[in-house]
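The residues making up each chain are set out below.
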Amino acid sequence: QVQLVESGGGLVQAGGSLRLSCAASGRTFSSYSMGWFRQAPGKEREFVAAITWNGGTTYYSDSVKGRFTISRDNAKNTVYLQMNSLKPEDTAVYYCAASRLSHTIGTIERGYDYWGQGTQVTVSS
């Protein structure tokens, strides 16, 4: 069992930056690949970024590529999402998720086994 807790969300102006963190419980964090998803009001949850167990492979949605960076620190049981050049359309609740498929990049929700409660990101124009 893995528990995930996101933090770092908030209100930021367009063009600004935020760094989200997702802290995981347990001693097996490095056994999981990790992902970030987001859900805007009235929309379905969508994939944002993912990273394999050792950080060797990352993958991004086209909408955030070049602006967001996913990383992880297995010693701290934490995955990060650095978000730069934020746009109003990035406004959403951001969720981190863990997958037991440690070497796989997952872009769909059902590929993940554990989810955090989400953190709100609001980008003003």
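In case you missed it, the structure is sitting above this.
Presented here is an overview of the structure given in this document.

About the thresholds
All residue numbers refer to positions counted from 1 along the written sequence of the respective chain. Two thresholds apply to this predicted model, a pLDDT of at least 70 for residue-level local features and 80 or more for giving and counting side-chain atom pairs, whereas whole-chain, interface and lining totals are computed over all residues. The side-chain figures draw on all heavy atoms in the structure; neither hydrogens nor water molecules are used. A helix here means a DSSP run of H or I that spans at least four residues, while a strand means a run of E at least two residues long, and both kinds are numbered starting from the N terminus. Here the globule rule is a power law, 2.2 Å times the number of residues to the power 0.38, and the radius of gyration is based on C-alpha atoms. Relative accessible area decides the class of each residue, using a 1.4 Å probe on protein chains only: under 20% of the type maximum gives buried, over 50% gives exposed, and in between gives partly exposed. It only takes one pair of heavy atoms within 4.5 Å for two residues to be counted as in contact. Criterion for a disulfide: a pair of cysteine sulfur atoms within 2.5 Å. Following DSSP output, two strands are said to pair if at least two bridges run between them. In this analysis, axes come from line fits to C-alpha atoms, helices being fitted only over the stretch in contact, and the angle between any two N-to-C directions falls in the range 0 to 180 degrees. Think of it this way: a Phe, Tyr or Trp ring, Trp meaning its six-membered ring, pairs with another when their centres are within 6.5 Å, and the plane angle makes it stacked under 30 degrees, edge-to-face over 60, tilted otherwise. For a ring to carry a charge above it, either NZ of a lysine or CZ of an arginine must fall within 6 Å of the ring centroid while also lying within 35 degrees of the normal to the ring plane. N or O atoms within 3.5 Å of each other form a polar contact, as long as, within protein, one can give a hydrogen and the other can take it, and as long as residues adjacent in sequence are counted only when both atoms are side-chain atoms.

## Details of the overall build of the protein chain
Consideration 1: Per the secondary structure count, the protein chain includes 0 helices and 11 strands.
Consideration 2: For the protein chain, the sequential pattern of α-helices and β-strands runs β-β-β-β-β-β-β-β-β-β-β.
Consideration 3: In terms of C-alpha radius of gyration, the protein chain reaches 13 Å, essentially the compact-globule figure of 14 Å for 125 residues.
Consideration 4: Viewed in the frame of its principal axes, the protein chain has a C-alpha envelope of about 40 × 25 × 25 Å.
Consideration 5: Expressed as a percentage of the 125 residues in the protein chain, the buried residues total 45%.
Consideration 6: Long-range contacts, defined as pairs at least 24 residues apart, comprise 60% of the intrachain contacts of the protein chain with a sequence gap of at least 6.

## A short note on the state of the cysteines
Consideration 1: One pass over the full model with this rule turns up 1 disulfide.
Consideration 2: A sulfur-sulfur distance of 1.9 Å marks the disulfide that ties C22 to C96. A torsion of 45 degrees about the S-S bond marks the disulfide between C22 and C96 as right-handed. Of this pair, C22 sits in strand β3 (residues 18-24) while C96 sits in strand β9 (residues 92-99), placing them 74 residues apart in sequence. Per residue, the accessibility class of C22 equals that of C96, and both read buried.

## Topic: the sheet that holds strand β7 (residues 68-73)
Consideration 1: Pairing is antiparallel across the open sheet formed by 4 strands, whose spatial order is β1-β3-β8-β7. A single partner strand is all that each edge strand has here, and the edge strands are β1 (4-7) and β7. When the angles between neighbouring strand axes are averaged without regard to direction, this sheet yields 15 degrees.
Consideration 2: Taken together, the 6 bridges between β3 and strand β8 (residues 78-83) define a ladder with antiparallel strand orientation. The residue bridging R19 from the neighbouring strand is Q82, located in β8.

## A word on the environment of V12
Consideration 1: For V12, the position within the fold is in strand β2 (residues 10-13).
Consideration 2: Given the relative accessible area of 13%, V12 is considered buried.
Consideration 3: Expressed as a C-alpha distance, the spacing of V12 and S30, which sit 18 residues apart in the sequence, is 31 Å.

## Digging into the packing of aromatic side chains
Two measures describe an aromatic ring pair: the distance that separates the ring centres and the angle between the ring planes.
Consideration 1: A full pass over the atoms with the stated rule returns 6 aromatic pairs.
Consideration 2: Members of the aromatic cluster, each reached through a chain of ring pairs, are F37, F47, Y59, Y112 and W115.
Consideration 3: The ring of W115 carries R45 above its face, with NZ or CZ at 4.0 Å from the centroid.

## A look at the environment of R67
Consideration 1: For R67, the location among the structural elements is in the loop between β6 (58-60) and β7.
Consideration 2: Since its relative accessible area comes to 11%, R67 is described here as buried.
Consideration 3: A sequence separation of 54 residues divides R67 from V121, and the C-alpha atoms of the two residues are 15 Å apart.
Consideration 4: There is a polar contact of 3.0 Å between the side chain of R67 and the backbone oxygen of S85.

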